[in-house]
Amino acid sequence: MRDAVDRVRDAGRSSRRRLGTYFIVAVQAGLAATLAWTVAREVLGNPDPTFAPAAAVSVIAASLGNRTRRTVELVVGVVLGIVVGDLLVHLFGTGPWQTGVIVFLAVSAAVLVRGTGALVTQAGGTAVLVATLTPVSPDLELPRTVNALVGGVVGLLVVLVIAPLNPLRAVRRVADPALDTFAGEMTASAEALAQADVRAADEVLARMRAAETELDQIDEMVGAADEVVRFSPVRWRRRRALAAYRHGAEHLDRAFRNSRGMVRRIGTALRDREPVPPHLPAALEHFSEAIRLLHRAFLAAEEPVAARERVLRAVRDAGEACRQDIGFSGTIVVSQLRTVANDLLRATGVPADEARRQVRRAAAAR
């Protein structure tokens, strides 16, 4: 019963965090829909402006960081569907089999120009409308194209100029829980290893698998923030501050995934009752502290010197453990810790060759 209550509580906290993260998207969507409808109906005099707000919301709802590309795909897809559909209606006429052929050829054309899902969807959907509504609405093409342009442009204006997200705040909102989880699980791994608790190690591994989506959200939000600071005049001054997150996100993701393999091997070492030198759980604890120090440096926009020092201390302790009485799986844990240490050094901005050199030197130090 208690486990069920904890799961419900955790789900509630996760939902609240996600709502806080994506609340700005809901605001942008509502604002873009309103403005697109107003421009299409009141400014351009379109009597049926429905597709304009739909297109604007489609741009807002696109994967964060891909909105500019989504707008281009939206407009190109509509134009492609109209061109192919209109040409084939003149050749074949209208009807059920004609509609199927027109949609098939419109989607094929979208694929040939290497369109993604958004472009293919718009080309096919527009071709359907052209094939089925041309007899009753012969002037469909121009209004739909105009609406697509209006919706796409308004959507971009909202996300880049009128109500752009705060890039650093958005990234921190998803990075805080993700990096706290990463550091916490490394501490839990150290405790499981020190106490020879196989069940605790297995639970850490299960939680890390479940937390993978949190790391994915960092990548998604960094992409969105990067798009904003590149194209939004309001946020240009945030470019330098965002650079550390942008550079570190890929390497942090790799460190997390490699750490999961390390935790799996920790469980194997404990199940095989291998000896555990005290320096090995100490190395894991230093690694978890390095993650926390890196996070603080990101928040303060400072050079993560302390995080680098703590990573290398973890490598030195792991190297000392390897020179003591240790089993086969324990040796692999040491090797994997060196790999994730290299990943974390790369996340702090250390070049690849220099990171490998520092890890090798720390591993050999006595």
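Preceding this paragraph is the structure being described.
Reference entry: report on the structure contained in this document. The shown structure was predicted, so the numbers you read here are calculated from the model rather than taken from an experiment. (Residues numbered from 1 in each chain as written. Predicted model: local features only at pLDDT ≥ 70, side-chain atom pairs only at ≥ 80, totals over all residues. Heavy atoms only, no water.)

Another point: the overall build of the chain. Within the chain, the regular secondary structure consists of 14 helices and zero strands. Sequence-ordered secondary structure for the chain, helices as α and strands as β, is α-α-α-α-α-α-α-α-α-α-α-α-α-α. When burial is assessed residue by residue, the chain has 48% of its 366 residues classed as buried. Contacts in the chain between residues at least 24 apart in sequence constitute 77% of all its contacts with a sequence separation of at least 6. For the chain, the computed accessible surface area is about 17700 Å², with 58% contributed by carbon and sulfur atoms. (Helix = DSSP H or I, 4+ residues; strand = E, 2+ residues; numbered from the N terminus. Buried < 20%, exposed > 50% of the residue type's maximum accessible area, 1.4 Å probe, protein only. Contact = heavy atoms within 4.5 Å. Areas by Shrake-Rupley, 256 points an atom, 1.4 Å probe, with all protein chains shown as cover.)

Bringing helix H8 (residues 198-210) into the picture now. Between the first and last C-alpha of H8 there are 19 Å, a value that for 13 residues agrees with the 18 Å anticipated at 1.5 Å per step. Capping the start of H8, Asp197 holds a side-chain oxygen 3.2 Å from the backbone nitrogen of Arg199, two or three residues further along. (Expected span 1.5 Å × (residues − 1). Polar contact = N/O pair within 3.5 Å; in protein donor to acceptor, adjacent residues only side chain to side chain.)

Take the side chain of Arg308 next. Structurally, Arg308 is set in helix H12 (residues 305-322). Under the relative-accessibility criterion, Arg308 is labelled buried at 17%. Setting aside residues up to four positions removed in sequence, Arg308 forms contacts with Glu303, Leu345, Thr348, Gly349 and Val350.

Let's shift gears to helix H2 (residues 51-60). In terms of residue burial, H2 counts as a mostly covered element, since eight of its 10 residues are buried. Of the positions making up H2, those classed as buried are Phe51, Ala52, Pro53, Ala55, Ala56, Ser58, Val59 and Ile60.

What follows deals with the pattern of salt bridges. Using the criterion set out here, one finds 10 salt bridges in the structure. Linking Glu203 and Arg199 is a salt bridge whose minimum nitrogen-to-oxygen distance equals 3.3 Å. With a gap of four residues between them, Glu203 and Arg199 both fall in helix H8, about one helical turn apart. Looking at Glu203, the relative accessible area reads 36%, which means it is partly exposed. Taking the relative accessible area as the measure of exposure, Arg199 reaches 64% and is therefore exposed. Linking Arg296 and Glu289 is a salt bridge whose minimum nitrogen-to-oxygen distance equals 3.8 Å. Shared partners join several salt bridges into a network, and the residues in it are Glu289, Arg292 and Arg296. (Salt bridge = Lys/Arg side-chain N within 4 Å of Asp/Glu carboxyl O.)

Turning to the packing of aromatic side chains, a few remarks are in order. Counting across every chain of the model gives two aromatic pairs. Centroid distance Phe182 to Phe256: 5.3 Å. Interplanar angle 80°. Geometry classified as edge-to-face. Here Phe182 is found in helix H7 (residues 167-194), whereas its partner Phe256 is found in helix H10 (residues 239-271), with 74 residues between them in sequence. Residue Phe182 shares its accessibility class with Phe256, and that shared class is buried. (Phe/Tyr/Trp six-rings, centres within 6.5 Å; stacked < 30°, edge-to-face > 60°.)

Attention now moves to unusual backbone geometry. In this structure, Ala196 takes a positive phi of about 55° despite not being glycine. Tracing the sequence through the fold places Ala196 in the loop between H7 and H8. For Arg273, which is not glycine, the phi torsion reads 55° and is therefore positive. For Arg273, the position within the fold is in the loop between H10 and helix H11 (279-300).

Here the focus is the side chain of Asn342. Within the element layout of this structure, Asn342 appears in helix H13 (residues 328-347). Sequence-distant contacts of Asn342, that is, excluding residues within four places in its chain, are made with Ala352, Ala355, Arg356 and Val359.

This next bit is on the packing of H12 against H13. Orientation of H12 relative to H13, taken along the N-to-C sense of each, is 165°, at an axis distance of 10 Å. Regarding the angle of H12 to H13, the classification is roughly antiparallel. H12 and H13 meet at a crossing whose hand is left-handed. Contacts between H12 and H13 involve Arg308, Val311, Leu312, Ala314, Val315, Ala318, Gly319 and Cys322 on the former and, on the latter, Thr331, Val334, Leu337, Arg338, Ala341, Leu344 and Leu345. Of the residues contributing to the contact of H12 with H13, the split by class is 11 nonpolar, two polar and two charged. (Axes fitted to C-alpha atoms, helices over the stretch in contact; angles between N-to-C directions. Parallel < 35°, antiparallel > 145°, perpendicular 65-115°, else oblique. Left-handed = near helix turned anticlockwise from the far one by under 90°. Nonpolar A, V, L, I, M, F, W, Y, C, P; charged D, E, K, R; others polar.)

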